[in-house]
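Breakdown of the fold
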Amino acid sequence: MDEDLEPGKVAASLLVGVGALLRRVRQVPTGDGLTMPERTALSRLERSGPATSSALARDVQITAQAMGATLAALRARGLVERSPDPDDGRRMVLTVTDAGRRELKEKRNARTELIAQALAGGAFTEVELGQLAAAGPLLDRLAQNI
């Protein structure tokens, strides 16, 4: 096996590259004013669907109190709404509102545009652009296998 293809070396290289990319893209200013915990909770609700505050807190590994404060801020801005749990009327579930979806979409569009500009800036050859295009689905499959 080629030494450069050794799984441990590939894993280390991927972590460095993907980590640097994520740090840079998270810095994209969008003017939305959302804190990182608010964006995390909003994104999680959008991806996973309605959830209770305690379930969200467990998922993102923060205290129930911290999640409660985060969700209260999102509700005050009209980005999430509460409704009775259809399976247990004593509990409340939270869902993303249309306004919340718009906020997330704007942030994603800004990040996508940032990456597109970097790719179009001449720093990458056509072959490298092809390699990056092929890497996306592979990274997604890698994430599914962890």
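Remarks on the layout of surface pockets
In this structure, the largest pocket occupies an estimated 670 Å³ of space. Surrounding the largest pocket, 18 residues form its lining, G17, L21, V25, I115 and L132 being those nearest its centre. When contributions to the lining of the largest pocket are tallied by element, the ones reaching two or more residues are helix 1 (7-26), helix 5 (98-120) and helix 6 (126-144). For the lining of the largest pocket, the element with the most residues is helix 6, which contributes 7 residues. Its residues placed into classes, the lining of the largest pocket shows 15 nonpolar, 2 polar and 1 charged. In this structure, the second largest pocket spans a volume of roughly 540 Å³. Around the second largest pocket, the lining comprises 15 residues; the ones closest to its centre are L22, V25, R26, R108 and R111. At the level of secondary structure, the elements contributing two or more residues to the lining of the second largest pocket comprise helix 1, helix 2 (36-48) and helix 5. It is helix 5 that contributes the most residues to the lining of the second largest pocket, 6 residues altogether.

Section: unusual backbone geometry
For Q61, which is not glycine, the phi dihedral falls at a positive 60 degrees. Here Q61 shows up in the loop between helix 3 (53-60) and helix 4 (64-76).

Let's talk about the pairing of strand 2 (residues 92-96)
Within strand 2, 4 of the 5 residues are buried, which leaves it mostly tucked inside the rest of the structure. Pairing geometry for strand 1 (residues 80-84) and strand 2, over 5 bridges, is antiparallel. Across the sheet, residue P84 finds its bridge partner in strand 2, namely M92.

Here's the deal with the packing of helix 1 against helix 5
Close contact between helix 1 and helix 5 brings their axes to 10 Å; oriented N to C, the two are set at 120 degrees. Taken together, the axes of helix 1 and helix 5 are oblique relative to one another. For the element pair helix 1 and helix 5, the recorded crossing hand is right-handed. Counted together, L21, R24, V25 and R26 of helix 1 and K107, R111, L114 and I115 of helix 5 form the full contact between these two elements. A per-class count over the contact of helix 1 with helix 5 returns 4 nonpolar, no polar and 4 charged.

Reading the values: rules and limits
Residues numbered from 1 in each chain as written. Predicted model: local features only at pLDDT ≥ 70, side-chain atom pairs only at ≥ 80, totals over all residues. Heavy atoms only, no water. 1 Å grid on protein atoms, 1.4 Å probe; cavity = no way out; pocket = protein on both sides within 12 Å on 5 of 7 lines; lining within 4 Å. Points joined across faces, edges and corners; volume = space filled by probe spheres on them. Helix = DSSP H or I, 4+ residues; strand = E, 2+ residues; numbered from the N terminus. Nonpolar A, V, L, I, M, F, W, Y, C, P; charged D, E, K, R; others polar. Buried < 20%, exposed > 50% of the residue type's maximum accessible area, 1.4 Å probe, protein only. Pairing = 2+ DSSP bridges. Axes fitted to C-alpha atoms, helices over the stretch in contact; angles between N-to-C directions. Parallel < 35°, antiparallel > 145°, perpendicular 65-115°, else oblique. Left-handed = near helix turned anticlockwise from the far one by under 90°. Contact = heavy atoms within 4.5 Å.

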